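# Observations on the three-dimensional arrangement
What follows is the residue order along each chain.
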Amino acid sequence: MVSEVKAVSGRGIPLVGDDIDTDRIIPARFLRCVTFDGLGEHVFADDRAALKGEHAFDQVQYQGAKILVVNRNFGCGSSREHAPQAIAKWGIQAIVGESFAEIFFGNCVAMGIPCVTADSTTVKQLQEFIATNPQVSVTVNLETMQVQCGDFSAPISMGEGAKNMFVSGSWDACGQLVAHADQIRATAAKLPYLSWSKVAAS
């Protein structure tokens, strides 16, 4: 299927710090939006304002990065789906971290953004490699369960269920429906209660 996510490659962006919660990722005042469009420009809005251009998401060398490298308990706090949406709208397609809050992780899976874990040493090395050479290519490979950054390679982890959803493309519920439209119509035609309204109308 076109929704299969077997590997994500691109430049990385390091975001150092434990327990970065969803209110820091996208402050509550931005939750009033009707759609998620435009959320990317407000990701980490308060942190970026406080750091006056020194936040990783503002630094020129990280613009266009696709892989976010974070530390422990990323995405904790409220369950707002706007947090992973804002990260995705900025351009992030995969996240490597020490650990993720469960609901944040689930929201990312539903959007097709793999969140893989690695030990603290690996994460720190990745963050340092990227900071030293922002142009280096990072690859998160869900088939080999390895992250590669230049000559550096290390194992990553993800629950088997989530991994299989990405590799098979079954994470994409809408895509599944579209791909099986003919079978859905065939099944619907056999369901007696779907024809009741037609009988009543005639």
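This structure is a prediction, so every number in the text was calculated from the model and none was measured.

Attention now moves to the UniProt feature "domain: Aconitase A/isopropylmalate dehydratase small subunit swivel" (unreviewed entry) in the protein. Here, UniProt's "domain: Aconitase A/isopropylmalate dehydratase small subunit swivel" (unreviewed entry) annotation points to residues 10-113. Summarising residues 10-113: 29% helix, 12% strand, and an end-to-end C-alpha distance of 14 Å.

Attention now goes to the nonpolar core. In terms of nonpolar packing, the biggest core is built from 57 residues, with Leu 68, Phe 74, Ile 95 and Phe 104 touching the most fellow members. Not counting chain neighbours up to four residues away, the residues in contact with Leu 68 comprise Ile 13, Leu 15, Phe 57, Phe 74, Ile 87, Ile 92, Ala 94, Ile 95 and Val 96.

Before going further, it helps to examine the sheet that holds strand β6 (residues 146-149). Picture the strands of a sheet paired through backbone hydrogen bonds; they go either parallel or antiparallel. One open sheet accounts for 7 strands, arranged β4-β3-β2-β1-β5-β6-β7; its pairing is mixed. The open sheet has two free edges, formed respectively by β4 (115-117) and β7 (152-155), since each of these has just one partner strand. Here the average twist between neighbouring strands, direction ignored, is 25°. Relative to β4, strand β3 (residues 94-97) runs parallel, the two being bridged by 3 bridges. Within β4, the position partnered with Gly 97 by the bridge is Thr 117.

With that out of the way, let us pick up the packing of aromatic side chains. This model, assessed by the stated rule, comprises 4 aromatic pairs. Ring centres of Phe 74 and Phe 104 lie 5.4 Å apart, and the angle between their planes is 90°; on these two criteria the pair is classed as edge-to-face. Of this pair, Phe 74 sits in the loop between β2 (67-69) and α3 (82-90) while Phe 104 is found in helix α4 (residues 102-111), placing the two residues 30 residues apart along the sequence. Taking the relative accessible area as the measure of exposure, Phe 74 reaches 1% and is therefore buried. Taking relative accessible area as the criterion, Phe 104 reaches 2% and is therefore assigned buried. Through a chain of ring-to-ring contacts, three or more aromatic side chains come together here, namely Phe 44, Phe 57 and Trp 90.

Turning to the pairing of β7, a few remarks are in order. Along β7, the buried face is formed by Phe 152 and Ala 154; none of Ser 153 and Pro 155, which line the opposite face, is buried. Across 4 bridges, the pairing between β6 and β7 is antiparallel. Looking at the pairing, Gln 146 lines up with Pro 155 of β7. A loop of 2 residues connects β6 with β7, the two strands running antiparallel in sequence, and Gly 150 in this loop sits at a positive phi of about 65°.

About the criteria used
Residues numbered from 1 in each chain as written. Predicted model: local features only at pLDDT ≥ 70, side-chain atom pairs only at ≥ 80, totals over all residues. Heavy atoms only, no water. UniProt positions renumbered as here; feature names shortened; annotations may be inferred. Helix = DSSP H or I, 4+ residues; strand = E, 2+ residues; numbered from the N terminus. Core = buried A, V, L, I, M, F, W, Y, C linked by side-chain atoms within 4.5 Å. Buried < 20%, exposed > 50% of the residue type's maximum accessible area, 1.4 Å probe, protein only. Contact = heavy atoms within 4.5 Å. Pairing = 2+ DSSP bridges. Axes fitted to C-alpha atoms, helices over the stretch in contact; angles between N-to-C directions. Phe/Tyr/Trp six-rings, centres within 6.5 Å; stacked < 30°, edge-to-face > 60°.

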